[in-house]
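Inside the fold
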Amino acid sequence: MSGGAPAGPRLRADAKRNADQIRQAAIDAFRGRGLTVPLEEVAKAAGVSKATIFNRFGGRIGLIEAVIEEVVAVELRGIIDRTRAIGDPWERFAHYVTAIRDLQYRQPAANDAMLQVYPDAQSLLEICRVAGEINEELIEMSRAAGALRDEFSADDLHALLHDTALALKHGTRPRREDYDRRTTFLLDGIRGR
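Everything numeric here is computed off the predicted structure, so don't read it as measured data.

The rules behind the values
Residues numbered from 1 in each chain as written. Predicted model: local features only at pLDDT ≥ 70, side-chain atom pairs only at ≥ 80, totals over all residues. Heavy atoms only, no water. Helix = DSSP H or I, 4+ residues; strand = E, 2+ residues; numbered from the N terminus. Buried < 20%, exposed > 50% of the residue type's maximum accessible area, 1.4 Å probe, protein only. Lys, Arg positive; Asp, Glu negative; His and termini not counted. Salt bridge = Lys/Arg side-chain N within 4 Å of Asp/Glu carboxyl O. Contact = heavy atoms within 4.5 Å. UniProt positions renumbered as here; feature names shortened; annotations may be inferred. Polar contact = N/O pair within 3.5 Å; in protein donor to acceptor, adjacent residues only side chain to side chain. Core = buried A, V, L, I, M, F, W, Y, C linked by side-chain atoms within 4.5 Å.

Once that is clear, we can look at the side chain of arginine 60. Within the secondary structure, arginine 60 is located in helix H4 (residues 60-84). Of the side chains with opposite charge, glutamate 40 comes closest to the buried, unpaired arginine 60, at an N-O distance of 6.1 Å. If we skip the residues at most four places from it in the chain, arginine 60 touches Phe30, Leu35, Thr36, Val37, Pro38, Leu39 and Tyr118.

Pasting the structure below:
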């Protein structure tokens, strides 16, 4: 047999087109409004029925699993990689907090991931695990270098970012200038003496 067996069943051209349209509509909707966007709106933007989303992806969790890489994970990994490339412990920590808060402000889906809005979505739990690991790493290194207050812990960082996610998801969205100013206040308050 030449060319080898296909890895799975091949989709008809129209089914593949529908799946691609659903994925793109979900990426656009989730980036702009978070993971809780009604599936009817995703279906309408994709030009398909809601039933097609269930047939293709099994529902919201399957759809999240199919697109979360593009919506949040790639950007989070980029933040982590850029953070680890910074030599100075305080600058590394400040860069990370600033970049994560920027991501939270721009990407409602990042807040949904952080809040574990859909705990059955394994990819969201993986994003939280990766973020928790870098939080621990940064706190340990920054405290050892005296860049952070001794009493500031990874739990404190998690709580600050979690509180930001709650405020952005359920509260009144601040002006960008005010939000960035508060990031500076936050950093000034936890910097080592």
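Our next topic: the UniProt feature "DNA-binding region" (unreviewed entry) in the protein chain. Per the UniProt record, "DNA-binding region" (unreviewed entry) is found at residues 38-57. Each end of residues 38-57 is marked by a C-alpha atom, and these two atoms are 15 Å apart; helix forms 80% of the span and strand 0%.

The next subject is the UniProt feature "domain: HTH tetR-type" (unreviewed entry) in the protein chain. Within this numbering scheme, the UniProt entry marks residues 16-75 as carrying the feature "domain: HTH tetR-type" (unreviewed entry). End-to-end, the C-alpha atoms of residues 16-75 are 26 Å apart, and along that stretch the chain is 83% helix and 0% strand.

Another aspect to go through is the side chain of threonine 83. Within the secondary structure layout, threonine 83 lies in helix H4. At 2.7 Å, the side chain of threonine 83 and the backbone oxygen of isoleucine 79 are in polar contact.

Here the focus is the nonpolar core. By size, the foremost hydrophobic cluster in this structure holds 54 residues, and its most contacted members are Leu63, Phe93, Tyr96 and Leu124. No other element matches H4, which puts 10 residues into this core. Residues within four places of tyrosine 96 in sequence aside, it is in contact with Ile79, Ile80, Thr83, Ala131, Ile134, Asn135, Leu138 and Leu157.

To continue, consider the pattern of salt bridges. Under the definition given, this model contains 17 salt bridges. The salt bridge involving aspartate 20 is made with lysine 16; its shortest N-O contact spans 2.9 Å. Taken together, the residues aspartate 20 and lysine 16, both in helix H1 (residues 13-33) and 4 residues apart, mark about one turn of the helix. With a shortest N-O distance of 2.9 Å, aspartate 178 and arginine 181 are connected by a salt bridge. Of this pair, aspartate 178 and arginine 181 both sit in helix H9 (residues 176-190), 3 residues apart, which is roughly one turn of that helix. The buried category is assigned to aspartate 178, whose relative accessible area is 15%. Bridged by salt links that share partners, the residues Glu75, Asp102, Arg106, Arg176 and Asp180 form one connected network.

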